[in-house]
Each structure stands twice: as structure tokens, then as C-alpha cells.
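Listed below, chain by chain, are the residues.
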Amino acid sequence: MKEFVERIPSKAFAPYFTTDLRQMTGRYYRVTVDKCGWLIEDYLNLTP
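Residues numbered from 1 in each chain as written. Predicted model: local features only at pLDDT ≥ 70, side-chain atom pairs only at ≥ 80, totals over all residues. Heavy atoms only, no water.

A look at the packing of aromatic side chains
- Here the structure, examined in full by the defined rule, presents one aromatic pair.
- Plain terms: the ring middles of F4 and W38 are 4.9 Å apart, the flat faces sit at 45° to each other, and that makes the pair tilted. Here the residue F4 occupies a position in helix α1 (residues 2–6), and W38 occupies one in strand β2 (residues 37–42), the gap between them amounting to 34 residues. (Phe/Tyr/Trp six-rings, centres within 6.5 Å; stacked < 30°, edge-to-face > 60°. Helix = DSSP H or I, 4+ residues; strand = E, 2+ residues; numbered from the N terminus.)

Regarding the pairing of strand β1 (residues 29–34)
- Sheet analysis places β1 next to β2, joined by six bridges and oriented antiparallel. Counted as the bridge partner of Y29 is D42 from β2. (Pairing = 2+ DSSP bridges.)

Structure below.
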């Protein structure tokens, strides 16, 4: 996974903004890899 992520070009993802138009400085993802492929979930969109 490290090699895959290192090949992603810088600025490949647009920044996220809060409702008061401040730019969010970080984003957290949960990545799961198995024989079926990759599952990337955004922690800010996960609900308990």
C-alpha cells in the first residue's frame, strides 16, 4: 500500500471546506485490502 500511495500525484484530491468556508487541514481514511480489492472509507462520513 505504501508504494501505491507514494505514486499518487500531489494535489490529486481537492481540499475540503467547512460550512463557514475554512479549509480543513486533515482528512482520515480507513483502508481495507483483501482478495476482492481495496475499500477506502472516509472517517468523516462514517456513522456509528
